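Coordinate inspection notes
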Amino acid sequence: MDNSPLQVLTVPTAPYPDQRPGTSGLRKKVFVFQSRRHYLHNFIHSIFSSIDLRDRQGSTVVVGGDGRFFNRTAIDVIVQMAAANGVGRLIIGQHGIMCTPAISCVIRKYKAIGGIILTASHNPGGPDGDFGIKFNTANGGPAKEEVTNKIFQISKTLDEFVICPRLRVDLTTLGKQAFDLENKFKPFTVEVVDSVESYANMLRNIFDFAALKDLLSGENHIKIRLDAMHGVVGPYVRRILCEELGCPANSAINCVPVEDFGGRRPDPNLTYAADLVDSMRDGQYDFGAAFDGDGDRNMILGKHGFFVTPSDSVAVIADNIFCIPYFQHAGVRGFARSMPTSAALDRVAKATKIELYETPTGWKFFGNLMDAGRLSFCGEENYGTGADHIREKDGLWAVLAWLSILATRRQSVEDIVKDHWIKYGRNYFTRYDYENIDIDTACEMMEELEIMITDKSFVKQRFAVEDKIYQVEKADTFDYTDPVDSTISRNQGLRIIFSDGSRIIYRLSGTGSDGATVRIYIDSYEKEQSGVYISPCHPCLGQVMLASLATIALKISQLHQRTGRSGPSVIT
Ligand code: VG1
Ligand code: CO
């Protein structure tokens, strides 16, 4: 065996103009990574170069992914490039697998300078699907815009990268591996860690596992069904819910991570997790949940597939937050939601006199508030829920939060949600996604809309659909000033707010890989205890209730005329 130190090579390369990270990382079709020479290398080099050399030398970095196609190839390259870039130690999940919340946890635990997460989250996987790279910083959260802008700038001018091409790491065996590098005094080490352990330990300190065990496997236990959608969360569900909390093995489905997620989109919503909803209809299970590819999102269902909208889910958890021991000890400093998320949480914040923050879409904005000790619990309409135990949204945490509420209240999911509506009134919410729209068409629409709605004459305009009339009260582009460091993030969505408090929001997604995705978010608030709002929660009731506003949203934007589409790709 050749024991000579590993050579560090400098390789010339040409920059790419399109490596701008989106809402959470860089996402592209797999073939882009495969077919464009050094596409992956360039981006990884840009990440390392964005970190000051003094911080990078000898530092610890965490690496893991959701197991999708290209994950393994990417990790091999990252290891070789981390070594060449002066990183001292890599901590990698066994087999290169680790869910996004666990990576956030491990970054914090080992005081790493950051982590690289190989995932395109809920986007499809496999050779024809998407691949993605998220970069998280020392707080465990997604890199802030200042950092992602720097990465992008570097990627546009890069002309070489460094790599240790002969370095080979074994990701199957737990433990440390050390490598001697040419011109380096200290060996470069790779520590392959159990992907679940640190994260499970953390959860044990947040929740009352004895109470959860009783709920799930005690004498009067409830029956649950969890769908990991062949994403990374499967092994976590098995170890924590089945082995430790005693759920029977058949309560967890699709728990083996596969490279193409079984050909399905690992997106926990009523469209892509329809199988779970169907399997719950006959009332066999009291509680159901699904997760996305990288395990940071969750969808919550009650018996018979009763659907809890993510905006309601965050409000209900907030209202029952002291069912979770962590908050009994740590207290609650603040709540937050992303701007397009319904205002259900605001009502809880008001009633409990807890500060409420409204941020742009994307978890990085919450992280800053958490680091400053101003935020404890938050969520997004897009199936993201989480707290300040880490700096990412956390799918399994949300499930254990709900189960803690069930264990304390011993009521059904449906009763808990209905009680909530009776107490606070109900926020209806729906979202239309138009995927794969021509980028120029989408940008032109947003620009024209902005001009139109920010014109003084737009306020007070009335829109009528059938017998309903809505009058514009306020319209603007959402610009956010971070309350901690005063950083301003502009153009985070266009808002039209009507005099009855209902809203229409237009926003371009930052996570697609092909063309543009236009999102239209619509919500309204109903305080009266009419028959409608206590009637069984039909998953689509929000859509029915908000149909007039949707018509107005399409009329104002002329989206169908502009794009030739006759309807959205997905309705939430
Ligand atoms: C979407 C969601 C947002 C989420 C982001 C990353 O962003 O709307 O709530 O934080 O994805 O989630 P966008 O820009 O497409 O609307 V994940 O699970 O991809 O890390
Ligand atoms: Co995700």
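Scope of this entry: the structure provided in the associated data block. (Residues numbered from 1 in each chain as written. Chains lettered and ligands numbered in written order. Predicted model: local features only at pLDDT ≥ 70, side-chain atom pairs only at ≥ 80, totals over all residues. Heavy atoms only, no water.)

**Overview of the overall build of the protein chain**
Quick note on the threshold: Labels follow the DSSP assignment, with helices taken as runs of H or I lasting at least four residues and strands as runs of E lasting at least two, numbered in each case from the N terminus. The globule rule used for comparison is 2.2 Å times the number of residues to the exponent 0.38, while the radius of gyration itself is calculated over C-alpha atoms. Three labels apply to residues, based on accessible area from a 1.4 Å probe with only protein chains included: buried if under 20% of the type maximum, exposed if over 50%, partly exposed otherwise in between. For every accessible area listed, the method is Shrake-Rupley and the probe measures 1.4 Å; residues are considered covered only by the protein chains on display.
Counting its secondary structure elements, the protein chain contains 21 helices and 27 strands. Radius of gyration (C-alpha) of the protein chain: 24 Å, near the 25 Å computed for a compact globule of 572 residues. Sorting the 572 residues of the protein chain into buried and exposed places 60% on the buried side. About 22100 Å² of surface is accessible on the protein chain, with carbon and sulfur atoms providing 49% of the total.

**Quick word on the coordination of the cobalt ion (ligand 2)**
Rules: Any nitrogen, oxygen or sulfur atom within 2.8 Å of a metal ion counts as a donor, with the limit raised to 3.2 Å for Na, K and Ca, and since water is left out, coordination shells can look unfinished.
Every protein donor of the cobalt ion (ligand 2) is listed here as Ser121 (OG), Asp292 (OD), Asp294 (OD) and Asp296 (OD), and their distances to the metal cover 2.0 to 2.1 Å. All donors to the cobalt ion (ligand 2) come from one chain, and their sequence spacing reads S-x170-D-x1-D-x1-D. Here aspartate 294 lies in the loop between β12 (287-291) and β13 (298-302) and serine 121 lies in the loop between β5 (114-118) and β6 (130-137), a separation of 173 residues in the sequence. The pair serine 121 / aspartate 294 is uniform in exposure class, with both members buried.

**What to know about the nonpolar core**
To keep things clear, this is the line we draw: What makes a nonpolar core is a set of buried Ala, Val, Leu, Ile, Met, Phe, Trp, Tyr and Cys residues whose side-chain atoms join them at distances within 4.5 Å. For this analysis, residues touch if any pair of their heavy atoms sits within 4.5 Å.
Among the nonpolar cores identified, the biggest contains 81 residues, and Leu203, Leu241, Phe287, Trp397 and Leu403 are the most heavily contacted of them. The element contributing the most residues to this core is helix α15 (residues 395-409), with 11 residues. In contact with leucine 241, not counting residues within four places along its chain, are Leu216, Ile224, Leu226, Tyr236, Gly246, Cys247, Leu396, Leu400 and Leu403. Phe33, Tyr39, Ala74 and Ala82 belong to the second largest nonpolar core, which has 48 residues in total.

**As for the packing of helix α11 (residues 310-319) against α15**
The cut-off we apply is this: Between N-to-C directions, angles cover 0 to 180 degrees, with each direction set by a line fitted to C-alpha atoms, over the stretch in contact for helices. Orientation categories follow fixed angle ranges, with anything under 35 degrees roughly parallel, anything over 145 roughly antiparallel, 65 to 115 roughly perpendicular, and all other angles oblique. In this scheme the crossing of two helices becomes right-handed for a clockwise turn of the near helix relative to the far one and left-handed for an anticlockwise turn of less than a right angle. Each residue is assigned to one class: nonpolar for Ala, Val, Leu, Ile, Met, Phe, Trp, Tyr, Cys and Pro, charged for Asp, Glu, Lys and Arg, and polar for all the others, Gly among them.
Viewed as axis vectors pointing N to C, α11 and α15 meet at an angle of 55 degrees, and their least axial separation amounts to 10 Å. Compared by their axis directions, α11 and α15 come out oblique. Along this stretch, α11 crosses α15, giving a crossing that reads as left-handed. For the pair formed by α11 and α15, the contact residues are Ser313, Val316 and Ile317 on the first element and Trp397, Ala398, Ala401, Trp402 and Ile405 on the second. Residues that form the contact of α11 with α15 fall into these classes: seven nonpolar, one polar and no charged.

**Remarks on the packing of helix α7 (residues 197-206) against α15**
For the pair α7 and α15, interaxial distance at closest approach is 12 Å and the crossing angle is 25 degrees. With respect to each other, α7 and α15 are oriented roughly parallel. The chirality of how α7 crosses α15 is right-handed. Taking contact as the criterion, the partners of Tyr199, Leu203 and Ile206 in α7 are, on α15, Leu396, Trp397 and Leu400. Residue composition of the contact of α7 with α15, by class: six nonpolar, no polar and no charged.

**Remarks on the side chain of asparagine 382**
Filter applied, for reference: Each polar contact in these results corresponds to two N or O atoms within 3.5 Å; when the atoms are within protein, one needs to be able to donate a hydrogen and the other to accept it, and residues that are neighboring in sequence are counted only if both atoms are side-chain atoms.
Mapping asparagine 382 onto the fold places it in the loop between β17 (377-380) and β18 (384-387). At a separation of 3.4 Å, a polar atom in the side chain of asparagine 382 contacts the side chain of arginine 431. Excluding residues that lie within four positions of it along the chain, asparagine 382 makes contacts with Arg297, Arg431 and Arg519.

**Focus: the site of ligand 1**
We count it as follows: Any residue with a heavy atom lying within 4 Å of a molecule or strand is counted as near it.
Around ligand 1 sit 19 residues in total, of which Thr23, Lys134, Glu380, Thr511 and Arg519 are the nearest. Taking aspartate 292, its side chain carries an N or O atom lying 3.0 Å from an oxygen atom of ligand 1. Side-chain polar atom of glutamate 380 to an oxygen atom of ligand 1: 2.5 Å apart, as the coordinates give it. Classifying every residue of the shell around ligand 1 gives no nonpolar, 10 polar and nine charged.

**Regarding the sheet that holds β6**
Quick reminder of the rule: Think of it this way: DSSP has to see at least two bridges between two strands before they count as a pair.
If you walk across this open sheet you meet the seven strands as β2-β6-β5-β3-β4-β9-β8, and the pairing is mixed. The strands lining the two open edges of the sheet, one partner per strand, are β2 (26-29) and β8 (175-179). Strand-to-strand, the axes of this sheet are offset by a mean angle of 20 degrees, without reference to chain direction. Relative to strand β9 (residues 188-193), β8 is paired through five bridges, and the arrangement is antiparallel. For alanine 178, the partnering residue across the bridge sits in β9 and is threonine 189. Contacting β2, β5 and β6, helix α2 (residues 39-50) runs over the sheet at an angle of about 10 degrees to β6. Along the sheet, helix α4 (residues 71-84) contacts β3 (60-65), β4 (89-97), β5, β6 and β9; its crossing angle with β4, the most-contacted strand, is approximately 170 degrees.

**Points about the packing of aromatic side chains**
Let me state the cut-off plainly: Ring pairs are drawn from Phe, Tyr and Trp, using the six-membered ring of Trp, whenever the two centres fall within 6.5 Å, and their geometry is named by plane angle: stacked under 30 degrees, edge-to-face over 60, tilted for the rest. We count a charge as sitting over a ring when the NZ of a lysine or the CZ of an arginine lies within 6 Å of the ring centre and within 35 degrees of the ring normal.
What the rule picks out here adds up to 18 aromatic pairs. Judged by centre distance (6.3 Å) and plane angle (40 degrees), the rings of phenylalanine 179 and phenylalanine 188 are tilted. The burial state of phenylalanine 179 is the same as that of phenylalanine 188; both residues are buried. With a centroid separation of 4.6 Å and 75 degrees between ring planes, the pair formed by tryptophan 363 and phenylalanine 366 is classed as edge-to-face. Between arginine 426 and the ring centre of tryptophan 421, over which it is positioned, the NZ or CZ distance is 3.7 Å.

**Here's the deal with helix α9 (residues 234-244)**
What counts is decided by this rule: For this quantity, the arc is that covered by the directions from the helix axis to the C-beta atoms.
Here α9 has its buried residues at Gly234, Tyr236, Val237, Ile240, Leu241 and Cys242. Projection of α9 onto a plane perpendicular to its axis shows the buried side chains occupying an angular sector of 160 degrees, all on one side. Looking at the residues trailing α9, positive phi occurs at glycine 246, about 85 degrees.

**What about the pairing of strand β20 (residues 462-465)?**
Alternating positions in β20 separate cleanly, Phe463 and Val465 being buried on one face and Arg462 and Ala464 remaining unburied on the opposite face. Inspection of the sheet shows β20 paired to strand β21 (residues 468-477) by four bridges, in the antiparallel sense. Across the sheet, phenylalanine 463 pairs through a bridge with tyrosine 470, a residue of β21. What sits between the antiparallel neighbours β20 and β21 is a turn of two residues, in which glutamate 466 has the positive phi angle 50 degrees.

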